[in-house]
Each structure stands twice: as structure tokens, then as C-alpha cells.
Amino acid sequence: PHEIVRQIHSRRISVLVCVPKILDVLREYVLRAVPEAAEVPPPGTHWLKRWWMYRRVHKLLGWKFWAFIVGAAPLPPELEEFWGRLGFVVIQGYGLTETAPIVTLNHPFHTRKGSVGKPIAGVEVKISDDGEILVRGDNVTSGYLNPDSESAKAFEGGWFHTGDVGSIDEGGRLSIRGRKKEMIITADGLNIFPEDVEAVLNKVPGVRDSAVVGVTDDGRERVHAVLALTEGTEAADVIRRANPQLEDHQKVRGFSVWTEGELPRTEGTRKLKRRELRAWVTGNHVPQKAASSDDIEGVISQYAPGRQVRSATTLEELGLSSLERVELLMALERRFGVTIDEGAYAECRTVEDLKRLVSEPTKLGIAAAPLPVDVVDFPAWNRSRWAYAIRRINLPLWILPLARIFTWVRTEGLENLRGLDPPVIFAPNHQSHLDIPALMQALPRKWRYRLAPAMSKEFFEAHFHPERHTLGERFTNNLNYYLSTLVFNAFPFPQREAGARQTLRYSGELVSEGWCIVIFPEGRITDDGSIQRFMPGVGMMASRLNVPVVPVRLVGLDKILHRTERMARPGRVEVKFGPPLRLEGDDYAALAKQVEEAVKRL
């Protein structure tokens, strides 16, 4: 919350687009910093008087800031009421990926609490007989690629079936009740929305969080609550307090106590993982296959081809890159139906540690005492206008001319970039610390200033972990880090530590802004000029970001500045660009092999 507030204030942001979780985090921060924000003025108090009453809050967030635009998840009414009371406008919207992405949006000055607004121009919305929201318009995709029979039903009758249940009021405003698949249907045919029950449970003192799922008992679906409680709170007492506030068909019939920290939620949107919670409640959270160590070692061996994987084998010994580690994490989750805490995963040192994490999870594979994830401080300032201006002046003025003294570059294959527009992923072999300056020299201006090279986070150990180093080491390493990010628009790329998921999200942010990522798939600088095996990470990144990969062959740089040498010597360099590749699928090792072969052919 401190960083969010700092960004809002320092950048003089007027409107923040966010998910409801951000509003919840900011509310707690504001209440700590400005206690009088909890005071409720008399009904009918004019907004100007309220604005003056809460002026310290407006000063905290910056006088220019005035509105939140909220989407991606339901907004709790109390959050909307809190920020509206302080004098901020809360604008709700609704949309899906299939609708590119907006369907409805509230008018900033005609909002209605609980509503996500009216359809935007060119979009039609109606409610089906069973309450499902249907959407039609030019912004709606024509369908899914290679859909199964269930997915194809989403586009029946010329309407897109959103899977959400809602209603439309007399003014044409849409309200969302919940997900159709998550809706609990009683034996009497009555519909129960988990969010309605959770809203009551979460107001009971002692309840940190709750999740409601439908559990089948004797052929009937009943309401079951999973409760995360503060110490000393009795679950039975919570249910006794909540049930009188619920309709008869909504009453909680069973409950379970969650003792492993936060309830499992999706990253970013923070939606509850109800399917996994339901599996845990019904006793299916540890599949039988998870007990087989051979299966676990089989999954791990896919990321260490040709290696003997035993219980005592260390992950460091396997030499997994950062992207390989996160790919292995997701493969284990898919294979064994568990959700693994990234902090606990980062602490695993051997294959035996992974076995314990997967085969003997407490709840959904989450460690009993989740360990903090090493959060990577990804730079955003180096993409600002002033940083870009500094780069545009200094690169052609002295940095690249200085590099040309040592690297006499000859370029081939620029015709392969014709007709191609940013963003792309450049995938060169790794020869030297001069690889990026040589690549910049070879590229035309259209590409040269749109690069975002990935640099090893571990190389800047003293910057990210100053407590482990002397003052002199910190100064030198910090200077190198900030110069690299400013001059070359580089960003940290963890090779061994936790934070790979953050890296993928940051890479998606770069691509969405039109930057071209430069990644060295070998993961390390060559010793003898030969090309090493390309790690699957480049395949995963290209497939998931859906951008073309341009193979690049670098020749001669290892002789100009070998990784063991400190001073460069002048010499000839070849930079060859190959035809762009479109990588699709989830066999990332095979996709990386395609890129490797393309580079070797150049």
C-alpha cells in the first residue's frame, strides 16, 4: 500500500484502474494513516462538506486524485460506500476477454451503487431465462480456437454466454450476482450465490476470510463454508451468528476451518479458487498419484533431460533457470492437482523437498507457514519520457560510438524484419557482456530504442540484498544497476531465486507497451563460442505472450570481451537475423529447440 500511495501521489495520478483488492488494501492503509476516515457523517451531508471533513485523506493520495475504475471481480458494497463517503468517485465496469474487453461501464457522474453500468455503444446485453448474462456486438469474438463441445456452447444462438448471472434494472443498468458454475442450486430449485453468504460471514467478528461452496450430500447440494478465523474464534459460534441473517435456503449446513494462512486465490484478480476448495472439502485435495515418488521424479526429469534424478539430487545441481523453475512449479500443480505456495517452493533445495511439498501438503499443497516470496523490484521509471529522452541522447552520442571502437559489426538478415512491427522477442546466443551494444548497433532505429534486455538479477546481488555486502560493494553494484536500467532499459531476470512469476507478468507489461524483450535462452555466457542448449523458458514466454521470436546469431564477441576478461580488444563481429518464428503450444522444450536450431542455421 505504501508503494501504491507513493505512485499515486508522486506521479499525480487522477484516476486509478484496479481490482477491488486494491481498494481494500488502500482502505486499511488510509484508516491507519487517517483515523478520522472511519467517522461517518450524518445522512445527507453535502459532498463538499465531506470532502473538507476528509481533506487529510485527499492530501495523502494527492489533490489531483479523484476516482477509481474497478473491474475484474465483484466490488463489495462496503468498499464502494467507504470510498464514496470520502468524496471519491467509484466507477464499476464489466467485461471479459472474449468481449475485447468492455461490456458495460458506469457514467462517472451518474453511478449507481451495486451496478456495473449500462452497455457501451454497439453492445447488446440481455438476461436468459436462467439468469445468465448474454452479450452480442462487434467487440465479441467469433469463437474459440479448436473448441470442445462444452466451449462451443458459449456462442449458441448468436449470443455470447458469459457464464455470469445478473439482472438489468428499469434504467438499463446491469448488476452481477455471481458465476453460473459457482451458483449453488438447492433441491427445491432455489439459487444461492456464494458471494451473498460470504458477505454475511465476513462481517462476523473473528472471521478473516470465508469461502462458500456447494457440497453434495445424499444427492442434495448444500451450502458449506470454509472459514479462515483469528485465534480463539470458534467456527460453530460463527455459524450460529451468521445463519439468522440468511434466508432459509442460504443457511450454512456444514463448515471447515482453514488453518493455513490466506484462502487460495488467483493472482491479480484475487478470486477464490472454489474448485480447489471444494475438492479439499470433499477429501480429494491429494490425488492418489501424488503419493508416487516415481511420478514426481518423472515430472522433474522432463526439465533435466539425460540426468539421473534421485531424492538427494539438488535443484542447484539440475541447473534449472528461473523460467524452468516456474514451469516446473506449474507442471507439478497441473499433474497432482495442488496449489503450491511460491515462497515454500523457493525454499526447496532437493528433489526430496519437492516430494514432501507435493506429496504431503497440509491444505492444497500450501506450506503450514508460508515463507515470504523474494519480491523483485522491477523498474518502471526507466520507461518514462525523461528516461527515454536520456537514452535517445546518450546512446547515439557516446555509448554506441564507444562500442564501435571495439566491435566492428557486420549485419545480415535485416530483410527478415521488414513488414514486422514491435513487439517481438529477440533471442540471440550469449557470447559476451557486449552482446546488447552489438545488437543495438546492428538494428535500425525503429528497433534500437524499443529494446528491453533481460539481465541476470543475481549479477546485482548487492543491490537486491544490501545487508549481505559492504558499503563499497553496494555503491558499485547500485551504480551498475541504475546505469544498466537507464541506459539500456534493462530489467532484472532471476535465474535461481523466487520471483519468476513476477518476471512473466512484467514481461507481459513490457510487450503490451510495445517493447521488444531481449532474452538469452542459454541462460549463461559461452566459454568457447559454442551455442549451448536453449532453455524452455523462451518457448514458454513466446507462447504465452503470443509474440514472434526473432532468432539472432552473434559471432566473434567472445573473442573481443571474454567473460573472464575485464578489458575488450577490437575485433570483427557478425550479427545475423533469422526469419521470425511463431511458437504455439505448451511443449516448451520443443519450442525452445526450434529457436535453438534456427539460431544455429544462421
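Residues numbered from 1 in each chain as written. Predicted model: local features only at pLDDT ≥ 70, side-chain atom pairs only at ≥ 80, totals over all residues. Heavy atoms only, no water.

### Regarding the packing of helix 21 (residues 537-545) against helix 23 (residues 588-601)
Then step 1. Between helix 21 and helix 23, the least distance of the axes is 7 Å, while the angle of their chain directions is 100 degrees. Put simply, helix 21 runs roughly perpendicular to helix 23. Of the residues in helix 23, those touching helix 21 at Val 538, Gly 539, Met 540, Ser 543 and Arg 544 are Tyr 588, Leu 591 and Ala 592. (Axes fitted to C-alpha atoms, helices over the stretch in contact; angles between N-to-C directions. Helix = DSSP H or I, 4+ residues; strand = E, 2+ residues; numbered from the N terminus. Parallel < 35°, antiparallel > 145°, perpendicular 65-115°, else oblique. Contact = heavy atoms within 4.5 Å.)

### Some words on the side chain of Ser 384
Then step 1. Positionally, Ser 384 belongs in the loop between helix 14 (351-359) and helix 15 (385-406).
Then step 2. Owing to a relative accessible area of 19%, Ser 384 belongs among the buried residues under this scheme. (Buried < 20%, exposed > 50% of the residue type's maximum accessible area, 1.4 Å probe, protein only.)

### What to know about the nonpolar core
Then step 1. Among the nonpolar cores identified, the biggest contains 32 residues, and Phe 426 and Phe 577 are the most heavily contacted of them.
Then step 2. Mapped by element, the contributors of at least two residues to this core are helix 15, helix 16 (435-442), strand 19 (516-518), strand 20 (549-555), helix 22 (557-560) and strand 21 (571-577).
Then step 3. The element best represented in this core is helix 16, accounting for five residues.
Then step 4. Counting 31 residues, the second largest nonpolar core, distinct from the first, contains Phe 378, Trp 515, Leu 581 and Val 599. (Core = buried A, V, L, I, M, F, W, Y, C linked by side-chain atoms within 4.5 Å.)

### Considerations on the pairing of strand 7 (residues 132-137)
Then step 1. Inspection of the sheet shows strand 6 (residues 123-127) paired to strand 7 by five bridges, in the antiparallel sense. Residue Val 123 lies in a different strand from strand 7, and its bridge partner there is Gly 137.
Then step 2. Of the pairings in the sheet, the one linking strand 7 to strand 8 (residues 160-168) comprises three bridges and is antiparallel in character. Counterpart to Glu 132 in the pairing with strand 8 is Val 165. (Pairing = 2+ DSSP bridges.)

### Let's talk about the sheet that holds strand 21
Then step 1. If you trace the seven strands from one edge of the open sheet to the other, you get 15-21-20-16-19-17-18, paired in mixed fashion. Each having just a single partner strand, strand 15 (407-412) and strand 18 (491-493) make up the two edges of the open sheet. For this sheet, the mean angle separating the axes of adjacent strands, direction not counted, is 30 degrees.
Then step 2. Sheet topology note: the strand 16 (residues 425-428)/strand 19 ladder contains two bridges and is parallel. Bridge assignment links Phe 426 to a residue of strand 19, and that residue is Val 518.
Then step 3. Set on the sheet, helix 15 makes contact with strand 15 and strand 21; between it and strand 15 the angle comes to about 95 degrees.
Then step 4. Contacts between helix 19 (residues 471-488) and the sheet are confined to strand 17 (451-456) and strand 18, with strand 17 contributing the most and set at about 160 degrees to the helix.

### Quick word on the packing of aromatic side chains
Then step 1. Across all of its chains, the model carries 17 aromatic pairs by this definition.
Then step 2. Judged by centre distance (5.6 Å) and plane angle (35 degrees), the ring pair of Trp 51 and Trp 63 falls under tilted. With a gap of 12 residues between them, Trp 51 in helix 3 (residues 47-53) and Trp 63 in the loop between helix 4 (55-61) and strand 2 (67-70) connect regions that are remote in the sequence.
Then step 3. For Trp 63, a relative accessible area of 53% translates into the label exposed.
Then step 4. Pairing Phe 491 with Tyr 506 gives two aromatic rings, centres 5.3 Å apart and planes at 55 degrees, and the pair type is tilted. Of the two residues, Phe 491 sits in strand 18 while Tyr 506 sits in helix 20 (residues 500-512), which places them 15 residues apart along the sequence. Note on accessibility: Phe 491 and Tyr 506 belong to one class, buried.
Then step 5. In this structure an aromatic cluster arises from ring pairing among Phe 65, Phe 68, Phe 82, Trp 83 and Phe 88. (Phe/Tyr/Trp six-rings, centres within 6.5 Å; stacked < 30°, edge-to-face > 60°.)

### A look at helix 7 (residues 194-201)
Then step 1. All of the buried residues in helix 7 are Pro 194, Val 197, Glu 198, Val 200 and Leu 201. The arc that holds every buried residue of helix 7, seen down its axis, measures 160 degrees, which confines them to one face. (Arc of directions from axis to C-beta.)

### Looking at unusual backbone geometry
Leaving glycine aside, a negative phi is the common case for residues, and trans is the common case for peptide bonds.
Then step 1. Here the bond from Pro 422 into Pro 423 is cis, since omega is 5 degrees, no more than 30 degrees from zero.
Then step 2. Mapped onto the elements, Pro 423 comes out in the loop between strand 15 and strand 16.
Then step 3. One non-glycine residue, Asn 489, lies in the positive phi region at around 60 degrees.
Then step 4. Structurally, Asn 489 is set in the loop between helix 19 and strand 18.

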